[in-house]
Amino acid sequence: PILQEFSLQGRLQVQSIYGESNDDSFNTSDYKDAGNDENVWGNDIEARRARIGFKSKWFQNWKFEGQINVDNDGQDNSGDNTFYKDIYDLFITYAPSDALNISAGKTKVKFSREQEISSKEILTIERSLISNTLFPGELTGAWVSGKGIQEHWLYELGIYGSDRVREFSSFDQGVVVLGKIGYDYSAQAGLDTAVASFHYMHNSAPGFADLKDEAYTPSTSPDFTDSIALTNDITSGRFGLTTELLYGFGFEGTEDRYSSKGKYGPQTINQSDVLALSIIPSYFIADGLQLVGRLQVASSSDPDGLRVPSRYERLVSGDDEKGNTYTSAYVGLNYYLYGHKL
């Protein structure tokens, strides 16, 4: 009657890369030399994600779960030995029904369909450019969500401190507000799953980054005041298709962050609006063998409103690092030895 579930959870995702561009080549060691030595084992293996945590269910209606990011090189910024890097998520949920889940704590703020899908289950090696560009991070706040409203509707509404910190926000900076509404039309369409949704996110402190300390270097909040996403996700038998239209309203002004010279303080931000379409089809060509593709086309209203991803295109992009149009095509095979676990 007290404890219904307690389970350990964790993930280790490693990858190695080689690429060619503009008559030049790059590999994981180049990524390491670009300031990412903490995350690269030796010269060839990047520890993309290393987490450990737990899940639990109490008194039938309460859930408590969390994970930490493991420090990949076993040392903080000052050189002291440490296993713990930061809290990835830690939150409590009251869930009396599928239609009502009330949560509070630190969590990944899942704006866009690609971010809603866990890194344990994404079909591509990395998420697309604009999905990551608009992603606000792991933030502290409170949110309410539910599904099965009148059989078809689902929703989510949350408010969070916008600062990305090692543990929990002190709520002395801006806020991020995320709202979602969706409709499950699988029964009407005769599909295994089919959900269309609309996401809206507001960021009151775009571009803000907190001060770094000896153990943690915070990421920067997206340079956008508002973002919207229209998503559609279907599966039918062996076939799947995720389609997403993203729009970010750019911010022009000043905010506290690090400059290119490493100084912290008010920095000028000139981010234009961005628009992107992402299409991700998939098909099981045999049991356990899945063909996956992705096409993303993105544009910005200013000439340099887009920047190629740091993982890994920025390594040899040269003069083409920034621009106003970005097109990316992806194709790959996934082989499942043990579902999404291996």
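Report on the accompanying structure. (Residues numbered from 1 in each chain as written. Predicted model: local features only at pLDDT ≥ 70, side-chain atom pairs only at ≥ 80, totals over all residues. Heavy atoms only, no water.)

Helix and strand counts for the protein come out as four helices and 21 strands. The C-alpha radius of gyration of the protein comes to 21 Å, within 12% of the 20 Å expected for a compact globule of 342 residues. Considered along the principal axes of its C-alpha atoms, the protein spans approximately 55 × 45 × 40 Å. Split into buried and exposed, the 342 residues of the protein put 43% on the buried side. Across the protein, every contact between residues at least 6 apart in sequence was considered, and the portion connecting residues at least 24 apart equals 59%. Split by element, the accessible area of the protein, about 17,800 Å² in all, is 54% carbon and sulfur. Each charge class in the protein can be summarised by its mean position, and for the 30 positive and 48 negative side chains these summaries are 4 Å apart. (Helix = DSSP H or I, 4+ residues; strand = E, 2+ residues; numbered from the N terminus. Rg over C-alpha atoms; globule rule 2.2 N^0.38 Å. Buried < 20%, exposed > 50% of the residue type's maximum accessible area, 1.4 Å probe, protein only. Contact = heavy atoms within 4.5 Å. Areas by Shrake-Rupley, 256 points an atom, 1.4 Å probe, with all protein chains shown as cover. Lys, Arg positive; Asp, Glu negative; His and termini not counted. Charge placed at Lys NZ, Arg CZ, Asp CG, Glu CD.)

For the structure shown, the criterion picks out ten aromatic pairs. Their ring planes at 65° and their centres at 5.5 Å tell us that Phe-91 and Trp-143 sit as a pair that is edge-to-face. Of this pair, Phe-91 sits in strand β7 (residues 84–97) while Trp-143 sits in strand β9 (residues 138–149), placing them 52 residues apart in sequence. By relative accessible area, which is 12% here, Phe-91 ends up buried. Given a relative accessible area of 10%, Trp-143 falls into the buried group. Members of the aromatic cluster, joined through ring pairs, are Phe-6, Phe-54 and Phe-64. In this arrangement the basic side chain of Lys-212 is found over the ring face of Tyr-258, its NZ or CZ atom lying 4.9 Å from the centre. Sitting above the plane of the Tyr-330 ring, Arg-294 keeps its charged end 5.4 Å from the centroid. (Phe/Tyr/Trp six-rings, centres within 6.5 Å; stacked < 30°, edge-to-face > 60°. Lys NZ or Arg CZ within 6 Å of the ring centre and 35° of its normal.)

Secondary-structure assignment places Ser-131 in helix α3 (residues 129–133). When sequence neighbours within four positions are dropped, the list of residues in contact with Ser-131 reads Ser-112, Glu-114, Gln-115 and Leu-246.

Ranked by internal contacts, the top residues of the largest apolar core, which has 21 residues, are Phe-111 and Ile-130. Counting only elements with at least two residues in this core, the list comes to α3, β9, β11 (175–184), β13 (224–236) and β17 (274–286). Apart from residues lying up to four places away in sequence, Ile-130 is in contact with Leu-246, Val-274, Ala-276, Gln-296, Ala-298 and Leu-306. In terms of nonpolar packing, the next biggest core, distinct from the first, is built from six residues, Ile-17, Val-40, Tyr-312 and Val-316 among them. (Core = buried A, V, L, I, M, F, W, Y, C linked by side-chain atoms within 4.5 Å.)

As a further point, take the side chain of Ser-128. Position of Ser-128 relative to the elements: it lies in the loop between α2 (113–116) and α3. Within the structure, the side chain of Ser-128 is placed 2.4 Å from the side chain of Glu-114, a separation counted as a polar contact. Once residues within four sequence positions are removed from consideration, Ser-128 is found in contact with Glu-114, Ser-278, Arg-294 and Gln-296. (Polar contact = N/O pair within 3.5 Å; in protein donor to acceptor, adjacent residues only side chain to side chain.)

This part is about the environment of Gly-174. Tracing the sequence through the fold places Gly-174 in the loop between β10 (153–161) and β11. Exposure remark for Gly-174: the relative accessible area of 11% places this residue in the buried category. The spacing of Gly-174 and Tyr-18 is 156 residues in sequence and 40 Å in space, taken between C-alpha atoms. Apart from residues no more than four positions distant in its own chain, Gly-174 is found in contact with Tyr-160, Gly-161, Ser-162, Ser-204 and Ala-205.

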